[in-house]
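Summary of the model geometry
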Amino acid sequence: MRRPLDDIRILAIEQYGAGPFGSVQLADLGADVIKIEDPRFGGDVGRQVPPFQEGDDSLFFETFNRNKRSIELDLASDAGRAVFEDLVVVSDAVYSNLRGDVPAKLGIRYQDLARLNPRIVCGSISGFGTTGPRAAQPGYDYILQGLSGWMSLTGEPDGPPVKSGLSLVDFSGGLVGALAIMCAIHAARRDGVGTDCDISLHDVALSMLTYPATWYLTAEWQPTRMSRSAHPSLVPFQLFRGSDDEWFLVACPKEKFWIRLTETIGQPWLADDARFVDFAARHHNKDDLVAILDEVFATAPAAAWIRMLEAAAVPTGPILDVPSALSDPHVEARNLVIETDHPRFGSVRQVAGPVRVGPHSPTHKRAPGRGEHRDEVLGGLLGYDDDRIAQLGAAGAFGSKVS
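Throughout this document, residue positions are counted from 1 along each chain, in the order its sequence is written. Where local features are concerned, this predicted model is filtered to residues with pLDDT of at least 70; where side-chain atom pairs are given and counted, the filter is 80 or more; whole-chain, interface and lining totals use all residues. In computing side-chain properties, one takes all heavy atoms of the structure into account and sets aside hydrogens as well as water.

**A closer look at the sheet that holds strand β11 (residues 316-318)**
The criterion, for reference: In this analysis, strands are considered paired if DSSP registers two or more bridges between them. Segments assigned H or I by DSSP are reported as helices when at least four residues long, segments assigned E as strands when at least two residues long, and all are numbered from the N terminus. Fitted lines through C-alpha atoms give the axes, limited to the stretch in contact for helices. The angle between two N-to-C directions lies from 0 to 180 degrees. Should any heavy atoms of two residues lie within 4.5 Å, those residues are considered in contact.
Judged by pairing direction, the sheet is antiparallel, and its 3 strands sit side by side in the order β9-β10-β11 without closing on themselves. Each having just a single partner strand, β9 (237-241) and β11 make up the two edges of the open sheet. On average, each strand axis in the sheet is tilted by 25 degrees relative to the strand beside it, whichever way the strands run. Both strand β10 (residues 247-251) and β11 contribute to a ladder of 3 bridges, which runs antiparallel. Note on β11: the bridge partner recorded for Val 250 is Thr 316. Where helix α13 (residues 286-297) meets the sheet, it contacts β9 and β10, and its direction lies at approximately 40 degrees from that of β9.

**Description of the sheet that holds strand β5 (residues 69-72)**
With parallel pairing, the 6 strands of this open sheet are ordered in space as β5-β2-β1-β6-β7-β8. The strands lining the two open edges of the sheet, one partner per strand, are β5 and β8 (195-200). Each neighbouring strand pair of the sheet contributes to a mean axis angle of 20 degrees, computed without reference to strand direction. Relative to β8, strand β7 (residues 121-126) runs parallel, the two being bridged by 6 bridges. By the bridge assignment, Val 121 is partnered in β8 with Thr 195. Across the sheet, helix α3 (residues 78-89) is in contact with β1 (9-13), β2 (32-37), β5 and β6 (93-97); its angle to β1 comes to roughly 150 degrees.

**Comments concerning unusual backbone geometry**
For the peptide bond that leads from Pro 50 to Pro 51, omega is 10 degrees, which places it in the cis range. Assignment of secondary structure puts Pro 51 in the loop between β2 and β3 (53-54). Cis peptide bonds are those with omega within 30 degrees of zero, and the linkage from Val 235 to Pro 236 qualifies with -5 degrees. With respect to the helices and strands, the residue Pro 236 is situated in the loop between α9 (210-219) and β9. With a phi close to 55 degrees, Asn 335 is a non-glycine residue in the positive phi region.

**Comments concerning the pattern of salt bridges**
How we decide: Any carboxyl oxygen of Asp or Glu that lies within 4 Å of a side-chain nitrogen of Lys or Arg is treated as forming a salt bridge with it.
Under the defined criterion, the tally for this structure stands at 30 salt bridges. Each of Arg 9, Asp 32, Arg 69 and Glu 376 takes part in one network of salt bridges that share partners.

**Observations regarding the layout of surface pockets**
As a reminder, the rule being used: A 1.4 Å probe that fits but cannot get out identifies a cavity on a 1 Å grid over protein atoms alone, an open set with protein on both sides within 12 Å along at least five of seven lines counts as a pocket, and a residue lines either if it has an atom within 4 Å of a point. Grid points are joined across faces, edges and corners, and a volume is the space filled by probe spheres set on the points. For this classification, the nonpolar set comprises Ala, Val, Leu, Ile, Met, Phe, Trp, Tyr, Cys and Pro, the charged set comprises Asp, Glu, Lys and Arg, and every other residue, Gly included, is treated as polar.
Space inside the second largest pocket adds up to approximately 750 Å³. Around the second largest pocket sit 27 residues that line it, and Trp 150, Leu 153, Thr 154, Gly 155 and Ala 230 are the ones nearest its centre. For the lining of the second largest pocket, the element with the most residues is α9, which contributes 3 residues. Of the residues that constitute the lining of the second largest pocket, the class distribution is 15 nonpolar, 8 polar and 4 charged.

Here it is in structure tokens:
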């Protein structure tokens, strides 16, 4: 059975997290993602990320680059540029995550490459986009979590601002980049004309402010950090603690859940109390309500409450650590942990991508070695013979006079 994207070829001038996280979703679905790594700087910097790093490989790199191919090209050399332009002719997209002013300097925008392939799509992920006063600034996930207001919303009210435990700006930006690339490829195949995709991680982060931004922009509502990870308007929707001091989550985003909650915890009178009769009342009287619920939940262990609430179909759940989250039976049932063989690390186990299309699970290959597929790509795809490849190596296409 053909995979959904096995007729798509993407040249990926990418490194570290945001760009590779987006393109690995496409590679998992069958796209031929060819990483173009710069030999002058040791290829993708993700290869050097500790703590699990040896030589030109790391488990960080493995996570973001499975199912891809790798060649090394010095795009600053005439020979390297010539190879790159031949690849553009037979590809659907050039996908990069570089500083916003770099695509123009490298000549990888649509206006630079349309003469080679009118249908080529040129996707750029950068910290701040290719326009605007910050375009030339580097933009990293943690910095963008601060600039976009995320950190002002995260953590306890009396504590310092807190970043997310994961690089969510990078990962969200990668997913947006993958979506933009596929939309543009679809349009190019339909219309015969490619385009640029300008993805700013800052844009992505701000867009994810969603309704708090709307509330502020429209009604001048001031977002603040909420105690115990509480929802800003829905009550109860936050962390509670059982008699064993273990935390768990309870959420009532619908009135039916609130009714079920009151019955399950043996306090049906709460549903009839005028202070808690609807969303607005519960929000207005949240301190009273949370105090009552704290008292109730302190009478039994967290696991007991979770069992009761799950049985009553009230949204609830424990706070798992990473090992526990990965060993949950649902993870196994969904085949979310995949395994590849690696010559340096042996069996590499990692989490599968979330995009599922059709009934069949994709197969996976380990991430490529640095420049591993040079001869395969240049000989098999471009039809270069050994003499041509040797000439290009002597001219510096693959680094400092590499043959």
